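# Examination of the molecular architecture
Residue-level listing of the chains:
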Amino acid sequence: MTLAIEGWFAVDEDGVFLLGTRCATCGTVTFPPRPGLCPNPRCDATSMETTRLPRRGRVWSYTNACYPPPAPYVAADPYVPVTLAAVELDEVGIVVLGQVKGLTVNELEVGMELELTSGPLSDGPLVWMWERVS
Ligand SMILES: [Zn+2]
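Note that the structure is predicted; figures quoted are calculated from it, not measured.

About the criteria used
- Residues numbered from 1 in each chain as written.
- Predicted model: local features only at pLDDT ≥ 70, side-chain atom pairs only at ≥ 80, totals over all residues.
- Heavy atoms only, no water.
- UniProt positions renumbered as here; feature names shortened; annotations may be inferred.
- Helix = DSSP H or I, 4+ residues; strand = E, 2+ residues; numbered from the N terminus.
- 1 Å grid on protein atoms, 1.4 Å probe; cavity = no way out; pocket = protein on both sides within 12 Å on 5 of 7 lines; lining within 4 Å.
- Points joined across faces, edges and corners; volume = space filled by probe spheres on them.
- Nonpolar A, V, L, I, M, F, W, Y, C, P; charged D, E, K, R; others polar.
- Donors = N, O, S within 2.8 Å, 3.2 Å for Na, K, Ca; no water.
- Tetrahedral: all angles 85-135°; square planar, octahedral: opposite > 155°, others 65-115°.
- Salt bridge = Lys/Arg side-chain N within 4 Å of Asp/Glu carboxyl O.
- Buried < 20%, exposed > 50% of the residue type's maximum accessible area, 1.4 Å probe, protein only.
- Pairing = 2+ DSSP bridges.
- Axes fitted to C-alpha atoms, helices over the stretch in contact; angles between N-to-C directions.

### Focus: the UniProt feature "domain: ChsH2 C-terminal OB-fold" (unreviewed entry) in the protein
The sites that carry the UniProt feature "domain: ChsH2 C-terminal OB-fold" (unreviewed entry) are, in the present numbering, residues 52–116. Measuring from the first to the last C-alpha atom of residues 52–116 gives 12 Å, for a span that is 0% helix and 45% strand.

Written out as structure tokens, the structure is:
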């Protein structure tokens, strides 16, 4: 299975997970993963560890994309508008943008709970997406 971005998410028998990094010293969590120096200015730790992020969160904001994004994005032809949501992850509180599967902007609202899933981009590789909690 080809992933749209290596190292940012993983798929196994338990489902789809975003891969972030966590500082063992101060607990700062980042996505995308940032190995190396901790980004917290009050922390001088130098090793961020890869961690699986919570799979659920709440809609922070949302929109739709009625025009295809620029290259290197490969748009379907004809282009099908996509729904995008910025979701604040449970526990860690960081906001992650992704396509929304099966919901239009009219069906989304701020605060609504969504769950991580995956789906193919128009040229085939898999990417993480958000969907209604089952
Ligand atoms: Zn730190």
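### Quick look at the layout of surface pockets
Approximately 300 Å³ is the volume found for the largest pocket. The wall of the largest pocket is formed by 15 residues, among which Leu97, Gly98, Gln99, Val127 and Trp128 lie closest to the centre. At three residues, strand β7 (residues 95–100) tops the list of elements feeding residues into the lining of the largest pocket. Its residues assigned to classes, the lining of the largest pocket comprises 13 nonpolar, two polar and no charged. Here the second largest pocket defines a volume of roughly 200 Å³. Surrounding the second largest pocket, 14 residues form its lining, Tyr73, Val80, Val82, Gln99 and Pro120 being those nearest its centre. Going through the elements one at a time, β6 (82–89) and β7 are the ones with two or more residues in the lining of the second largest pocket. For the lining of the second largest pocket, the class distribution of residues is 10 nonpolar, three polar and one charged.

### Here we look at the coordination of the zinc ion
In ideal tetrahedral geometry, four donors around a metal make angles of 109.5 degrees, whereas ideal octahedral geometry with six donors gives angles of 90 or 180 degrees. Looking at the metal site, the zinc ion is ligated by Cys23 (SG), Cys26 (SG), Cys38 (SG) and Cys43 (SG), spaced 2.3 to 2.4 Å from it. For the zinc ion, the four donor atoms in the first shell make angles of 104 to 112 degrees at the metal, a pattern classed as tetrahedral.

### Details of the pattern of salt bridges
Inspection of every chain in the model, using the stated rule, returns two salt bridges. The partner of Arg56 in a salt bridge is Glu115, with the nearest N and O atoms 3.1 Å apart. Residue Arg56 is located in strand β5 (residues 56–65), and its partner Glu115 is located in strand β8 (residues 113–120); the two are separated by 59 residues in the primary sequence. The buried category is assigned to Glu115, whose relative accessible area is 10%.

### Here's the deal with unusual backbone geometry
Residue Pro72 follows Ala71 across a cis peptide bond; omega there is 15 degrees. Looking at the secondary structure, you find Pro72 in the loop between β5 and β6. Cis geometry marks the peptide bond from Asp77 to Pro78, where omega comes out at 5 degrees. Counting through the fold element by element, Pro78 comes out in the loop between β5 and β6. Of note in this structure, Glu91 is not a glycine but carries a positive phi near 70 degrees. Note on placement: Glu91 falls in the loop between β6 and β7. With a relative accessible area of 79%, Glu91 lands in the exposed category.

### Comments concerning the sheet that holds β5
Taken in spatial order, the five strands of this closed barrel run β5-β6-β7-β9-β8, and their pairing is mixed. For this sheet, the mean angle separating the axes of adjacent strands, direction not counted, is 45 degrees.

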